[in-house]
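# Structural overview for review
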Amino acid sequence: MIVSMTGFGRSKKESERLSVTVEIKTVNHRFCEFYFRMPRTLLKIEDKLKKKLSDYILRGRVEVFVTLTGEAVVNRKVQIDWNLLDDYYQYINAIKEKYGLNEQISLKELVNREELITIEESDEENDELETLVLAAVEEAALSLKQMRQTEGEALADDISDNLNQLNSRAIQLKEYAPIVVNQYKDRITKRMQDYLSGQIDEARIVTEVAIFAEKVDINEELTRLNSHIQQFQKTLLLKESVGRKLDFLVQEMNREVNTIGSKANDSTIAGEVVEMKSLLEKIKEQVQNIE
């Protein structure tokens, strides 16, 4: 089954105290790479998230966005440096006594001192949160996979159409190739007749035609091209990641068509090569998006 590397999936899971929203976006990439945008408190389960996503995504650049709202996500505690606070209080009293000051020590003055009172945050050990996030990621990944499969089916249809056209042109070339040799034989025979006043050296003609036929022979390239097309068609039906294999086959088909073009000594073959290269370029563009 052909699967596209482009897709989007979203999920939202809620409990009485928490709400988790997950969005996953994938685009083309040679390998499978994950990028997470999520609260620091979830970093400890990043490996679990990757493992979960790997069940649904085999290739592509994967961007995962996780948003948390609700209670019990982060613990906040007030921390007081009592020893420093005592020293600070004694220090103020000592100044007041030394200089005869009657001002009262302000509570506001004390609590606003960052070195005395701080608020520390710590991650909540929350099984509920982890379960909720994993469930949301899996649901979003499933939605993403369905979208990628739908797009993959459209890609496969388009590729198959272009591949069938390519195959038809290859068959036409195979049927037409002998005509080129016969046309050359007719031309060289006529030329000899013109130059030799009707006297024809049959041995010379046979030799010239044989040399020409060997030079412009494209049967080997057409045979390999046909083999690549058949492999490509079979690969499209595999239920696994096939993008790289298809990309390789496109390169090999393009190589054979280029060789046919370099051997072409005929305008019809040259025209067919141009059309075949155009079809291969379309196939290549589509293959670049296959997982």
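Residues numbered from 1 in each chain as written. Predicted model: local features only at pLDDT ≥ 70, side-chain atom pairs only at ≥ 80, totals over all residues. Heavy atoms only, no water.

## Considerations on the confidence of the model for the protein
Here the protein shows a mean pLDDT of 85. Residues at 70 or above account for 82%. Put simply, helix α5 (residues 202–216) is where the protein has its lowest mean pLDDT, 62, and strand β3 (residues 32–37) is where it has its highest, 96. (pLDDT = per-residue confidence, 0-100. Helix = DSSP H or I, 4+ residues; strand = E, 2+ residues; numbered from the N terminus.)

## Notes on the packing of aromatic side chains
This structure, assessed with the given rule, holds one aromatic pair. Measuring from ring centre to ring centre gives 6.4 Å for F34 and F36, while their planes differ by 20°; the resulting arrangement is stacked. A residue is classified by how much of its surface remains accessible, and F36, at 14% relative accessible area, is buried. The positively charged end of R61 is found above the aromatic ring belonging to Y35, 3.9 Å away from the centroid. (Phe/Tyr/Trp six-rings, centres within 6.5 Å; stacked < 30°, edge-to-face > 60°. Buried < 20%, exposed > 50% of the residue type's maximum accessible area, 1.4 Å probe, protein only. Lys NZ or Arg CZ within 6 Å of the ring centre and 35° of its normal.)

## Thoughts on the packing of helix α6 (residues 219–235) against helix α7 (residues 243–263)
It is the contact of α6 with α7, at a shortest axis distance of 9 Å, that shows an interaxial angle of 160°. With respect to α7, the element α6 is oriented roughly antiparallel. Once α6 is placed against α7, the crossing between them reads as left-handed. Across from E221, L222, R224, L225, H228, I229, Q231, F232 and T235 in α6, the residues of α7 making contact are K245, L246, L249, V250, E252, M253, E256, V257, T259, I260 and K263. Of the residues that constitute the contact of α6 with α7, the class distribution is ten nonpolar, four polar and six charged. (Axes fitted to C-alpha atoms, helices over the stretch in contact; angles between N-to-C directions. Parallel < 35°, antiparallel > 145°, perpendicular 65-115°, else oblique. Left-handed = near helix turned anticlockwise from the far one by under 90°. Contact = heavy atoms within 4.5 Å. Nonpolar A, V, L, I, M, F, W, Y, C, P; charged D, E, K, R; others polar.)

## A look at the pattern of salt bridges
Oppositely charged side chains are able to pair whenever their charged atoms sit close together. One pass over the full model with this rule turns up 15 salt bridges. Between E272 and R169 there is a salt bridge whose closest N-O contact spans 3.0 Å. Taken together, the positions of E272 in helix α8 (residues 267–287) and R169 in helix α4 (residues 127–195) put the pair 103 residues apart, joining distant regions of the chain. According to the relative accessible area criterion, E272 is buried, its value standing at 15%. With a closest N to O distance of 2.9 Å, E256 and R224 form a salt bridge. Taken together, the residues E256 in helix α7 and R224 in helix α6 connect sequence positions 32 residues apart. What makes R224 partly exposed here is its relative accessible area of 31%. (Salt bridge = Lys/Arg side-chain N within 4 Å of Asp/Glu carboxyl O.)

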